[in-house]
Amino acid sequence: MATFESLGLHEWLIQQCKQMGISRPTPVQEKCIPAILEGRDCMGCAKTGSGKTAAFVLPVLQKLSEDPYGVFCLVLTPTRELAYQIAEQFRALGKPLGLKDCIIVGGMDMVTQGLELSKKPHVVVATPGRLADHIRSSDTINLNRIQFLILDEADRLLEQGCTDFTKDLEVILSAVPAKRQTLLFSATLTDTLQQLQSIAMNRPFFWEHKSEVRTVEELDQRFILTPEKVKDAYLVHLIQKFQDEHDDWSIIIFTNTCKNCQILTMMLREFNFPTISLHSMMKQRQRFANLAKFKSNVFKILIATDVASRGLDIPTVQVVINHNTPGLPKIYIHRVGRTARAGRNGVSITLVTQYDIHLINAIEEQIQVKLKEFPLEEKEVLKILTQVNVTRRQCEIRLESTDFDEKKKINKRKQMILEGKDPDLEEKRRNELDKIGKNKNKLKGKNPESLQNKKEKKKRKAKTTAVDA
Ligand SMILES: Nc1ncnc2c1ncn2[C@@H]1O[C@H](COP(=O)(O)OP(=O)(O)OP(=O)(O)O)[C@@H](O)[C@H]1O
């Protein structure tokens, strides 16, 4: 079995690892650290919670200790919270070096960031949008000597999702030297492999954790089949159950929109659950404060959008609940990966309506695991159904009386203008797409027989899986 010594790491780094409870390398560390120390580009694809961060932080710190200067390393990551988490790992492991780092993310003061950048930190950890803004607006930022460019959650940085990083990446890539080491990591790299290869061109070492199953063994993956209107009652019932049975467990609930996130938070608070939220409509300082309160167990329930689905490492999270079934298997993999990390156990429960069955099929096919039904007393859920739905409606009304929707609209328009889009044109396009979507749904509704068939099939399958469980 490999040790950190046998990978070629210096004694001081091994001691730092020990202090953090890291005594033996995980497979991704074992394979990637020597290649990075050799000077090669590296692409590492390993399951969630398998120690990918240390797989790049450790060799970078070693190289930095041999030739310290600033800016030595640039790390890009898709979310602001993740940038802080990565910087923390650099700081903790690089303490004996007196490491200077700088975090460049949106939502924080640009002038302060500019000043910090000008002090030539050893490591810059950034989200692409804000770093590109700095590069565009100032010629004092000097990234032209960096030795390492790291893309954490690399596939997300390259895909054109709701936040499209590609233009910002172009700006950043033109500001960093061609002669550098490029390191790319994610639990889901393979879809974007070709694009990634064009960024990491220096004899890239590619390592993928070969396993048919894409999620970790320690994760118990469950589903609950529910009509849309009963979802919230199931949620309340589940949380009550976990609180009664395991009062030290933390829970993350993922939902699809900021508004839903806000409403669910208000609703769960009405039921006296210690709930806090994290979504992109919140002010950045509030986002950091909420995450800190969740991490320190002041609040045991976090309701989040996919802004929290990647990378966040919170050891106390025992349960992940998907309030909506993720539209893509990749999103599912990252969401449920917030629990069962670093060899710990965890449970994920996905609430599935009859319209989501095709999504679950796609997820199961990708991850090569059949989700099992989560056993619950349906009677107990029905008892609270009316109370839960009334409470939700009250919360919706309360939220409608605030300027939440208005703020959302303004934020969206601002974002589009920043992306060079015309907000009015985009709205027109979206309305047309919505119309098409509605027509399709109408057609679906006209074919109750096929839905019924699906429902029956699912019931039969659910029965067999319940026996398995
Ligand atoms: N060799 C090791 N032994 C034990 N624990 C480790 C080791 N390396 C890292 N860890 C711990 O494992 C946890 C998960 O690591 P990390 O956050 O790097 O996972 P990841 O692979 O990046 O996951 P994700 O894909 O979700 O981002 C962290 O708390 C980290 O400190």
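Not measured: the values here are computed from a predicted model.

Draft legend 1. Fine view of helix H13 (residues 329-336). Within H13, 7 of the 8 residues are buried, which leaves the element mostly enclosed by the surrounding structure. Within H13 the residues assigned to the buried category are Pro 329, Lys 330, Tyr 332, Ile 333, His 334, Arg 335 and Val 336.

Draft legend 2. Examining the site of the ligand more closely. Taken together, 19 residues lie near the ligand, and Arg 24, Lys 52, Thr 53, Asp 313 and Arg 341 sit nearest. Between an oxygen atom of the ligand and a main-chain N or O atom of Gly 49, the distance comes to 2.8 Å. Between the ligand and Asp 313, the relevant distance is 2.5 Å, taken from an oxygen atom to a side-chain nitrogen or oxygen of the residue. Protein burial of the ligand: of its 650 Å² of free accessible surface, 87% is covered by the chains. Split into classes, the residues belonging to the shell around the ligand amount to 3 nonpolar, 9 polar and 7 charged.

Draft legend 3. Representation of the UniProt feature "domain: DEAD-box RNA helicase Q" (unreviewed entry) in the protein chain within the structure. The feature "domain: DEAD-box RNA helicase Q" (unreviewed entry), as given by UniProt, occupies residues 2-30 in the numbering adopted here. Across residues 2-30 one finds 45% helix and 0% strand; the C-alpha atoms that close the span lie 7 Å apart.

Draft legend 4. View of the packing of aromatic side chains. Counted under the stated rule, the structure contains 7 aromatic pairs. Where Phe 56 meets Phe 185, the ring centres are 5.5 Å apart and the plane angle is 45°; that geometry is what we call tilted. Here the residue Phe 56 occupies a position in helix H3 (residues 52-66), and Phe 185 occupies one in strand E6 (residues 181-186), the gap between them amounting to 129 residues. Take Phe 185: its relative accessible area is 0%, and that puts it in the buried class.

Draft legend 5. Just the sheet that holds strand E7 (residues 205-208), in detail. Here we have 7 strands laid out as an open sheet, ordered E3-E4-E2-E5-E6-E1-E7, and parallel in their pairing. Two strands bound the open sheet, and with one partner strand each, they are strand E3 (101-104) and E7. Across the sheet, the mean angle separating the axes of adjacent strands is 10° when strand polarity is ignored. Judged from the 5 bridges that link them, strand E5 (residues 148-152) and E6 form a sheet pairing that is parallel. Bridged to Ile 150 within E6 is Leu 183.

Calculation notes
- Residues numbered from 1 in each chain as written.
- Predicted model: local features only at pLDDT ≥ 70, side-chain atom pairs only at ≥ 80, totals over all residues.
- Heavy atoms only, no water.
- Buried < 20%, exposed > 50% of the residue type's maximum accessible area, 1.4 Å probe, protein only.
- Helix = DSSP H or I, 4+ residues; strand = E, 2+ residues; numbered from the N terminus.
- Near = heavy atom within 4 Å.
- Polar contact = N/O pair within 3.5 Å; in protein donor to acceptor, adjacent residues only side chain to side chain.
- Areas by Shrake-Rupley, 256 points an atom, 1.4 Å probe, with all protein chains shown as cover.
- Nonpolar A, V, L, I, M, F, W, Y, C, P; charged D, E, K, R; others polar.
- UniProt positions renumbered as here; feature names shortened; annotations may be inferred.
- Phe/Tyr/Trp six-rings, centres within 6.5 Å; stacked < 30°, edge-to-face > 60°.
- Pairing = 2+ DSSP bridges.
- Axes fitted to C-alpha atoms, helices over the stretch in contact; angles between N-to-C directions.

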